[in-house]
Amino acid sequence: MSTYQISPFGSIDFGATGTKAKLQNASFLLATMKGTCFMNREAGWLPPIDELSEAAKVQYTADVVELLQNNIEGLTVEEVTFQEDSEKATIYPFVKVVFDNG
């Protein structure tokens, strides 16, 4: 089983298939603020603004796990870490995932 790391940053490969397409879709979900995706206002998540506490990171870890495991078939989240941007008062998720072989 291979482990992959995804983040809300990345380029789009319009010809992606298989695992690469799933990783790209997961990255897109992490980069999308809930309510901004036309035709699917529930896509994405609500990233924290002005909240960098450990309690916020715990809540947002749960949100990221739920978002990815409910929307990307066969994906299992192994670890979520955050990079802080204190100038913008926000955090960015970095997620380690694996895919089921089924």
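Presented here is an overview of the structure given in this document. None of the values given here were measured: they were computed from a predicted structure.

Let's shift gears to the packing of helix α1 (residues 18-31) against helix α2 (residues 54-71). For the pair α1 and α2, interaxial distance at closest approach is 10 Å and the crossing angle is 140 degrees. The angle between α1 and α2 places the two elements in the oblique class. You can see that α1 and α2 cross each other, and the crossing is right-handed. Contacts from Ala26, Leu29 and Leu30 of α1 reach α2 at Val64, Leu67, Leu68 and Asn71.

What follows concerns the environment of Met33. Structurally, Met33 is set in the loop between α1 and α2. Met33 sits 14 residues away from Pro47 along the chain, and the two C-alpha atoms are 6.9 Å apart. Contacts of Met33, omitting those with residues within four sequence positions, involve Ala43, Trp45, Leu46 and Pro47.

Let us now look at α2. Its 18 residues place the ends of α2 26 Å apart at the C-alpha level, agreeing with the 26 Å of an ideal helix rising 1.5 Å per residue. For α2, every residue scored as buried is listed here: Ala56, Lys57, Tyr60, Val64, Leu67 and Leu68. Buried residues of α2, seen end-on, are gathered within an arc of 90 degrees and therefore sit on one face of the element. Turned more than 90 degrees away from the buried face of α2, the exposed residues are Ala55, Val58 and Asn70.

We now examine the sheet that holds strand β3 (residues 90-99). Here we have three strands laid out as an open sheet, ordered β1-β3-β2, and antiparallel in their pairing. On the outer flanks of this sheet lie β1 (3-6) and β2 (75-85), each paired with one strand and no other. Across the sheet, the axes of successive neighbouring strands diverge by a mean angle of 20 degrees, strand direction being ignored. Pairing analysis gives 10 bridges linking β2 to β3, with the strands arranged antiparallel. Counted as the bridge partner of Thr76 is Val98 from β3. Against the sheet, α1 engages β1, β2 and β3, with an angle of about 155 degrees to β3. Packed on one face of the sheet, α2 meets β1, β2 and β3 and runs near 140 degrees to β2.

Conventions and cut-offs
- The written sequence of each chain sets the order in which its residues are numbered from 1.
- Where local features are concerned, this predicted model is filtered to residues with pLDDT of at least 70; where side-chain atom pairs are given and counted, the filter is 80 or more; whole-chain, interface and lining totals use all residues.
- Here the side-chain values reflect all heavy atoms present in the structure, with hydrogen atoms and water set aside.
- Note on definitions: angles span 0 to 180 degrees between N-to-C directions of axes, and those axes are lines fitted to C-alpha atoms, for helices only across the stretch in contact.
- Secondary structure elements follow DSSP: runs of H or I of four or more residues count as helices, runs of E of two or more count as strands, with numbering from the N terminus.
- Each angle gets one of four labels, with under 35 degrees taken as roughly parallel, over 145 as roughly antiparallel, 65 to 115 as roughly perpendicular, and the rest as oblique.
- Throughout, a crossing is termed right-handed when the near helix is turned clockwise from the far one, and left-handed when it is turned anticlockwise from it by less than a right angle.
- Any two residues whose heavy atoms approach within 4.5 Å are treated as being in contact.
- The length a helix should cover is 1.5 Å for every residue beyond the first.
- Relative accessible area decides the class of each residue, using a 1.4 Å probe on protein chains only: under 20% of the type maximum gives buried, over 50% gives exposed, and in between gives partly exposed.
- To be clear, the arc concerns the directions from the helix axis to the C-beta atoms.
- DSSP-based pairing: two strands are paired if at least 2 bridges between them are found.

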